[in-house]
Each structure stands twice: as C-alpha cells, then as structure tokens.
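Here is what each chain is made of, one letter per residue.
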2 protein chains.
Amino acid sequence: MRVLGVDPGLTRCGVGVVEGVPGRPCTLIAYYVVYTDPADDLSLRLLHLDRSLTDLVAEHQPESVAVERVFSQHNVRTVMGTAQASGIAVLAGARAGLPVQTYTPSEVKAAVTGSGQADKAQVTAMVTRLLRLAEPPKPADAADALALAICHVWRGGTRSKLAAAADRARRGGAR
Amino acid sequence: MRVLGVDPGLTRCGVGVVEGVPGRPCTLIAYYVVYTDPADDLSLRLLHLDRSLTDLVAEHQPESVAVERVFSQHNVRTVMGTAQASGIAVLAGARAGLPVQTYTPSEVKAAVTGSGQADKAQVTAMVTRLLRLAEPPKPADAADALALAICHVWRGGTRSKLAAAADRARRGGAR
C-alpha cells in the first residue's frame, strides 16, 4: 500500500510518501516540504499549496492520503492557517478520488513510538529507524508527514475502508 | 462590479452575489446556502463544498470574491470546520483567477449597519433594505454572505487591488 501523509501548515506543509504493509517496516518513497511566503496574499498561498499537493498526488499515485487532524490549543493566528491548509490537503486527496483519513497527533505518535506523549525528537528518531534512513529527514515537518503515512499503512487503512463502505451504503440507500 | 460573498461554514455555507458601485445601493443577483451532511466523511464534505463554490463562481462570473475571516473565539470543533471551509472558499476564488478579499465580521457589520457590534437581526434587516427585497433572505447564512458582498462593493475592492499590485510588484522583482 502506498500512502501520502500530510502534516498541514500554511508556511511549511510536510509531505511524506511511503509504501508498505501492516506490521512490517515501510519503504521511503519521497518527502517534501511545501513552503508558502507569509508575506503573500492568503489566496496565493492556498493556491500554491493546492497545486503542489495536487501535483505530488498525481506524481506518486498513492492509494490513500493521511492528514493530521488540527486542534485549536495552539496559537490562534497559526491554527486558522493550519486548519485552512488541512482543508486544502484533504481536498487534494478527495479531488483525486482517494480515501482520506485524518489522525490526531497522539494517534500518530503512539503508532510510531508506542507513546501518544512522545516528543518531536522521538518521532523523528523512530521515523529514521523505521524507514532505515542514514540520516533523519529534514526539516522536521517532513518527519511528521512520514510518521502519518507510516501510521496509516500500519493501521491498514482500516478506518478509511470502513468509512468508505459506510458512505457507499448510506448514499446507496439515500439516492 | 459583481462580487460573490461567502460566509464560510462546513454544514451551512452562505453564498451571495450582488452587483453595484461604491456608495450606491447594490442589486441582488442570487443567493444560496451550500449544505453538507455532518454524518458524511470530511473529504466528501469538502469536495462537495469545493464543487458547489467552483460552479457558482463559474455561473455568476464575479470580478472578485469576498470571504469572512474566521476567528477561534467560538466552539473549538465548529471553528476548525469553518476554517477549513473558508480555505476552500478562498481557493475556489483563487483557482478562478479572481482577487479574493477577507473581512472580519466587525468590518462587514460596520459596512452595512454602521456598527461593528450589530447583531444578526440588524444585519439581515439592513441587507433586506439595501437590496430592496420584499422579504429577508433566508436562511440567515445567505444574508451574511450578501452583507459581505455589499461590504466589498462599497469598499470598491480597494484593498484587493492594492494587494494585487503589491503582489505583482513583489513577484516581478523576485523572479
């Protein structure tokens, strides 16, 4: 299974692509960070992010997309941009006809480190080990996106398959 | 000038189209509310919103798009969906090559009622009067979207023209 993970952000958006099957080490395909200029107009930034993510989905042909779920505990100004970026990321997957699954930061941390309270350094260290990389992926936004993709592979895309089946059943019944 | 205003929301997204010039009453072209089902998968909801807004922009050919800026004072769960919907709305305008301007709720209220602290009923009453409608637009989400569009017409799209000029200058210098 090939998964494209997105750690959404308006200034820096991490993207990681891995391939694998549940319970076995994944293989790194590629990782990126999409940058947008904070001095630019919001519409130009979202457009750049949309085009970049759409291009990466087209290039890597993942079978599903995993996006980190956004919470509003953080800085108010930042979180709005992050939420907008996550909407663009989910849309990029949906427009390509792919199942899109969101995960909380704790779910991702627990999946790759065994603890939902792991810090960024631990996540990066485990991603480096799990993908058997010679060096940690840089910048850290890319490591988080790779962790998301690994998390989704290991969960076998289960939730998204169930959700897709439920959606089909519901829409089949309603239309 | 024809403006398409969007009052972003994931469950209910108001859209209002008006035509006019600064300082004179605007003419109503159309208004809509795009609904998405809270029981559906987030990706399906954002996809439906994206397609609906893209279709409405294509149908009404506005010269610019105005979107309400989202703040996080509200309910945490709701505001994330609202922020994602606003990202989709800004993107729909940007993808059509249109200037997109965001306004705070206070700016919109002040523009149509004279007070940034006006309540929803006052905004609806003024929109009804300003557009010379026989009845208030329903539901209220549509009235807010129309208020946004009126606000943008009356401001003459000034800020977006300035922003666009600044963007052009900046990009011209950088590339």
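Residues numbered from 1 in each chain as written. Chains lettered and ligands numbered in written order. Predicted model: local features only at pLDDT ≥ 70, side-chain atom pairs only at ≥ 80, totals over all residues. Heavy atoms only, no water.

Draft legend 1. Looking closely at the relation of the copies chain B and chain A. Note on the copies: chain B fits chain A at an RMSD of 0.0 Å, the axial shift is 0.0 Å, and the rotation between them is 180°. Considering both components of the superposition, the chain copies are consistent with a two-fold axis. Relative to the rotation axis, the closest C-alpha in chain B is found at Gln84(B), a distance of 2.2 Å. Here 100% of the interface residues in chain B have copies in chain A that are interface residues too; the copies meet face to matching face. (Least-squares fit on C-alpha atoms with pLDDT ≥ 70 in both. Contact = heavy atoms within 4.5 Å.)

Draft legend 2. Focus on the pairing of strand S1 (residues 2-7) of chain B. Residues and elements named next belong to chain B. Judged by how many residues are buried, S1 sits mostly within the fold: 5 of 6 residues are covered. Of the pairings in the sheet, the one linking S1 to strand S2 (residues 12-19) comprises 6 bridges and is antiparallel in character. The residue of S2 that forms the bridge with Asp7 is Gly14. (Buried < 20%, exposed > 50% of the residue type's maximum accessible area, 1.4 Å probe, protein only. Helix = DSSP H or I, 4+ residues; strand = E, 2+ residues; numbered from the N terminus. Pairing = 2+ DSSP bridges.)

Draft legend 3. Molecular detail of the UniProt feature "active site" (unreviewed entry) in chain A. Residues and elements named next belong to chain A. According to UniProt, the positions carrying the feature "active site" (unreviewed entry) are Asp7, Glu68 and Asp141. What stands out for the annotated residues spanning 135 residues is how close their C-alpha atoms remain, the widest pair being 11.5 Å apart. Checked against the element boundaries, Asp7 lands in strand S1 (residues 2-7). Residue Asp7 is classed as buried on the basis of its relative accessible area, which comes to 9%. Those residues within four positions of Asp7 in sequence are excluded, and the remaining contacts are Arg12, Cys13, Gly14, Glu68, Asp141, Asp144, Ala145 and Leu148. For Asp141, the location among the structural elements is in helix H5 (residues 140-154). Under the relative-accessibility criterion, Asp141 is labelled buried at 14%. (UniProt positions renumbered as here; feature names shortened; annotations may be inferred.)

Draft legend 4. Main features of the sheet that holds strand S4 (residues 64-68) of chain A. All names here are of chain A. Within the open sheet, the 5 strands sit side by side as S3-S2-S1-S4-S5. Their pairing is mixed. Where the open sheet ends on each side, the last strands, each with one partner, are strand S3 (27-35) and strand S5 (100-103). Each neighbouring strand pair of the sheet contributes to a mean axis angle of 20°, computed without reference to strand direction. (Axes fitted to C-alpha atoms, helices over the stretch in contact; angles between N-to-C directions.)

Draft legend 5. Examining the sheet that holds S1(B) more closely. Residues and elements named next belong to chain B. Taking strand neighbours across the sheet as the criterion, the 5 strands line up as S3-S2-S1-S4-S5 in an open arrangement whose pairing is mixed. Pairing within the sheet leaves two strands with one partner each, and these edge strands are strand S3 (27-35) and strand S5 (100-103). Sheet twist, expressed as the mean angle between neighbouring strand axes with direction ignored, is 20°. Bridge count for strand S4 (residues 64-68) against S5 is 4 bridges, and the pairing is parallel. Residue pairing for S5: Glu68 is matched across the bridge by Tyr103. Running over the sheet, helix H1 (residues 42-60) touches S1, S2 and S3 and is turned about 165° from S3. Here helix H5 (residues 140-154) sits on the sheet and contacts S1, S2, S3, S4 and S5; the angle it forms with S2, its principal contact strand, is near 40°.

Draft legend 6. View of the packing of helix H3 (residues 105-113) of chain B against H5(B). Residues and elements named next belong to chain B. Put simply, H3 and H5 touch, their axes get as near as 9 Å, and they point 75° apart. Compared by their axis directions, H3 and H5 come out roughly perpendicular. Taking contact as the criterion, the partners of Glu107, Val108, Ala111 and Val112 in H3 are, on H5, Ala147, Leu148, Ile150, Cys151 and Trp154. Its residues assigned to classes, the contact of H3 with H5 comprises 8 nonpolar, no polar and 1 charged. (Parallel < 35°, antiparallel > 145°, perpendicular 65-115°, else oblique. Nonpolar A, V, L, I, M, F, W, Y, C, P; charged D, E, K, R; others polar.)

Draft legend 7. Quick look at the interface of chain B and chain A. Residue-level contacts link 30 residues of chain B with 30 residues of chain A. Of the roughly 2500 Å² buried between chain B and chain A, counting both surfaces, carbon and sulfur atoms make up 65%. Taken together, chain B and chain A are joined by 0 salt bridges. Put simply, chain B and chain A have 2 residue pairs in polar contact (both at pLDDT 80 or more) between them. Those elements giving two or more residues to the side of chain B that touches chain A turn out to be H1, helix H2 (76-95), S5 and helix H6 (158-174) of chain B. Tallied by class, the residues present in the side of chain B that touches chain A amount to 17 nonpolar, 6 polar and 7 charged. (Buried area = accessible area lost by both parts, 1.4 Å probe. Salt bridge = Lys/Arg side-chain N within 4 Å of Asp/Glu carboxyl O. Polar contact = N/O pair within 3.5 Å; in protein donor to acceptor, adjacent residues only side chain to side chain.)

Draft legend 8. Spotlight on the UniProt feature "binding site: Mg(2+) 2" (unreviewed entry) in chain A. Residues and elements named next belong to chain A. Taking the numbering used here, the UniProt-annotated feature "binding site: Mg(2+) 2" (unreviewed entry) corresponds to Glu68. Mapped onto the secondary structure, Glu68 falls in strand S4. The class of Glu68 is buried, set by a relative accessible area of 18%. For Glu68, the contacting residues outside a window of four places in its chain are Val6, Asp7, Pro8, Ser86, Tyr103, Pro105 and Leu148.

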